[in-house]
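# Summary of structural features
Residues per chain are reported as follows:
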Amino acid sequence: MNRFLEVVRRDLRLALRQGSDSVMVVTFFVLTVVLFPFGIGPEVNVLERVSAGVLMVTALLASMLSLDRLFQADYEDGSLELLVLTPAPLGVVVAAKMLAHWLTTGLPLMVAAPVLAVLLHMQAEGFAILLAAMALGTPTLSLIGGIGAALVLGARRGGVLLSLLILPLYVPVLIFGVGAIDAAVQGMSAKPHLMILAGILVAALALAPWASSAALRQALE
Amino acid sequence: MVPSMTTPEPATFSGTHLACLRGGRVVFAGLDFTLASGGALVLLGPNGSGKSSLLRVMAGLLRPAHGVLAWNGQPVGDDPEAQAARTHYLGHHDAVKPVLSVAENLGFWARLHDPHMGRAGRAVDNALDRFGLSHLAAIPGKMLSAGQKRRTNLARLLAAPSPLWLLDEPTTALDKASIKALEAVLAEHRATGGMVVLSTHAEIDLPGATLMQLDDFAVAERFDEPLGEELAH
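If you check an unreviewed UniProt entry, chain B appears there as Heme ABC transporter ATP-binding protein CcmA from Paramagnetospirillum kuznetsovii.

As annotated in an unreviewed UniProt entry, chain A carries the name Heme exporter protein B and comes from Paramagnetospirillum kuznetsovii. UniProt, in the comment section headed Subcellular location (unreviewed entry), describes chain A in these words: "Cell inner membrane". In its Function (unreviewed entry) section, the UniProt entry covering chain A states "Required for the export of heme to the periplasm for the biogenesis of c-type cytochromes."

Below you can see the structure in the form of structure tokens.
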């Protein structure tokens, strides 16, 4: 547990000192969402109809931006070898890195999302559910993304390969995230959608760190 | 300041019939070694003779194609975490983060290896001192020269004690004074019952070390896949 916190603290410190990643992710999110009213016109009805989908798709793309750096920097400077040789299960170290990734990308996206929802005229009923869906969905993105980041380690043009590998796996999060918000806006219960999102998160929590560890060991052989 | 290391129980680290395959080629085969507390093993041989591969096998980064590594007769595969806890591996890269200071870099690795924070704090200062890095403690990693990075990486050995040190060409980029400091640290480590395995092309003074020529274990011609496979089983 101490080692888990130690890795989280180090990755957060690295992210704060380097600064650019979190800022870049949120800026990308905001700018892309802002493009939509320009692209499809300022009509309230149209924007309101697409708001949930636009926010979720954009958040999903934004969280992928910094994913290829998750293990790459450590791989290049030799830190990854030492992390693998830490006297603790590798899954613990990997889970710590995924948590740090979520704290530096998923969390800022969650903070920015309601502001952008106002911009897209989302109905007030959808706001709480939007936050709930993102709170359950974005950690899953970091977890599943971590498997992809470990698999493409050492590959040329890993970033592009990573998107091809990971985007299909993000589809369930997208479907149920948007489903939850649409249900709430139409006055139905969002609970079933959120329960499924929570289920996906629990499954990813249990599987992703170990799958990622196996991929990392393979990359270092 | 002298490190407050307790003398560990006498132990042996050994390998039997080790073989290593890289890209379908047998790098070495039928390699045996035994190392007791206080012992040192120096790996020699031309480029590509498998010095780094053997060290990576010993560290657990690479699975041997054949053979067993054992600590006190127990196969290390039975408890990889215990093996990791008693091993320090130093590879080609220095694992120094450009935006963290020397002390932060070192402190992180020390606490990760041995999470007793208080002890790590004092040990870090001592380790920096031994490798002449005290005045650089607050300097970010990106400002360091290659030799200073290497010394920061070497300081890891002292910042969190472990009996088995696996060093892959530790003298790269070091000046004469630093090599002297390293020799003193290695001698002290062995005097307190530690073990050292290192590969080198440079002169390094390790009294009483066993020399191992890796090219003695090379297999002359390339094996075809089926034969390589056979060896793996």
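Next comes the rest of the description.
## Looking at the overall build of chain A
Check the secondary structure of chain A and you find nine helices and zero strands. Reading chain A from its N terminus to its C terminus gives the helix and strand order α-α-α-α-α-α-α-α-α. Relative to the 2.2 N^0.38 estimate, which gives 17 Å for 221 residues, the radius of gyration of chain A is 18 Å and therefore close to what a compact globule would have. Dimensions of chain A, computed from C-alpha atoms along their principal axes, come out at roughly 55 × 35 × 30 Å. Counting only residues that meet the buried cut, chain A has 48% of its 221 residues in that class. Taking contacts inside chain A between residues at least 6 apart in sequence as the whole, the part at least 24 apart equals 81%.

## Here's the deal with the overall build of chain B
The helix and strand inventory of chain B stands at seven helices and nine strands. The 233 residues of chain B split such that 41% are buried. Taking the intrachain contacts of chain B between residues at least 6 apart in sequence as the baseline, contacts between residues at least 24 apart amount to 76%.

## Quick word on the interface of chain B and chain A
Facing the 22 residues of chain B at the interface are 19 residues of chain A. With five residues, the top contributor of residues to the side of chain B that touches chain A is helix α3 (residues 102-113) of chain B. Each residue belonging to the side of chain B that touches chain A can be placed in one class, and the counts come to 13 nonpolar, five polar and four charged.

## Quick notes on the sheet that holds strand β2 (residues 25-36) of chain B
Residue and element names in this part refer to chain B. What the four strands build is an open sheet, ordered β2-β1-β4-β5; its pairing is antiparallel. Here the strands that pair on one side only, and so sit at the sheet edges, are β2 and β5 (74-75). Note that strand β4 (residues 66-71) and β5 share two bridges and pair antiparallel. Counted as the bridge partner of Trp71 is Gln74 from β5. Across the sheet, helix α1 (residues 51-59) touches β1 (12-22), β2 and β4, and the angle it forms with β1 is around 125 degrees.

## Looking at the sheet that holds strand β6 (residues 87-90) of chain B
Residues and elements named next belong to chain B. The strand order β6-β7-β8-β3-β9 describes an open sheet built from five strands, whose pairing is parallel. Each having just a single partner strand, β6 and β9 (210-213) make up the two edges of the open sheet. Strand-to-strand, the axes of this sheet are offset by a mean angle of 15 degrees, without reference to chain direction. Strand direction decides the pairing type here: β6 and strand β7 (residues 164-168), joined by four bridges, are parallel. Among the inter-strand pairings, Thr87 is bridged to a residue of β7, identified as Leu164.

## Comments concerning the pairing of β2 of chain B
Residue and element names in this part refer to chain B. As defined by bridge partners, β1 adjoins β2 across eight bridges and the pair is classed as antiparallel. Pairing of Cys20 across the sheet is with Phe28, part of β2. Between β1 and β2, which pair antiparallel in sequence order, lie two residues; one of them, Gly23, sits at a positive phi of approximately 55 degrees.

## Re the nonpolar core
Buried together is how nonpolar side chains tend to be arranged in soluble globular proteins. By size, the foremost hydrophobic cluster in this structure holds 133 residues, and its most contacted members are Leu55, Ala133 and Ala180 of chain A together with Leu106, Ala155, Ala159 and Leu166 of chain B. A total of 14 residues in this core trace back to one element, the largest contributor, which is helix α6 (residues 90-119) of chain A. With sequence-adjacent residues up to four places away left out, Leu55 of chain A is seen in contact with Val33, Ala113, Leu116, Ala117 and Leu130 of chain A.

## Some thoughts on the UniProt feature "transmembrane region" (unreviewed entry) in chain A
Mapped onto this structure's residue numbering, the UniProt feature "transmembrane region" (unreviewed entry) falls at residues 21-40, 46-67, 102-120, 127-153, 159-181 and 193-211 of chain A. From the first C-alpha to the last, residues 21-40 of chain A spans 29 Å; its make-up is 100% helix and 0% strand.

## Examining α1 of chain B
Most of α1 of chain B is tucked away: eight of the nine residues are buried. Directly after α1 of chain B, the chain includes Gly60 of chain B, whose backbone phi takes a positive value near 95 degrees.

## Let's talk about unusual backbone geometry
One non-glycine residue with positive phi stands out, namely His121 of chain A, at about 60 degrees. Residue classification places His121 of chain A among the partly exposed positions, given that 16 C-beta atoms sit within 10 Å. Residues other than glycine seldom take positive phi values, yet Ala173 of chain B does so here, at roughly 70 degrees. Tracing the backbone shows Ala173 of chain B in the loop between β7 and α6 (176-191).

Rules used throughout
Residues numbered from 1 in each chain as written. Chains lettered and ligands numbered in written order. Predicted model: local features only at pLDDT ≥ 70, side-chain atom pairs only at ≥ 80, totals over all residues. UniProt positions renumbered as here; feature names shortened; annotations may be inferred. Helix = DSSP H or I, 4+ residues; strand = E, 2+ residues; numbered from the N terminus. Rg over C-alpha atoms; globule rule 2.2 N^0.38 Å. Buried ≥ 20, exposed ≤ 12 C-beta atoms within 10 Å, placed from the backbone. Contact = placed C-beta atoms within 7 Å. Nonpolar A, V, L, I, M, F, W, Y, C, P; charged D, E, K, R; others polar. Pairing = 2+ DSSP bridges. Axes fitted to C-alpha atoms, helices over the stretch in contact; angles between N-to-C directions. Core = buried A, V, L, I, M, F, W, Y, C linked by C-beta atoms within 7 Å.

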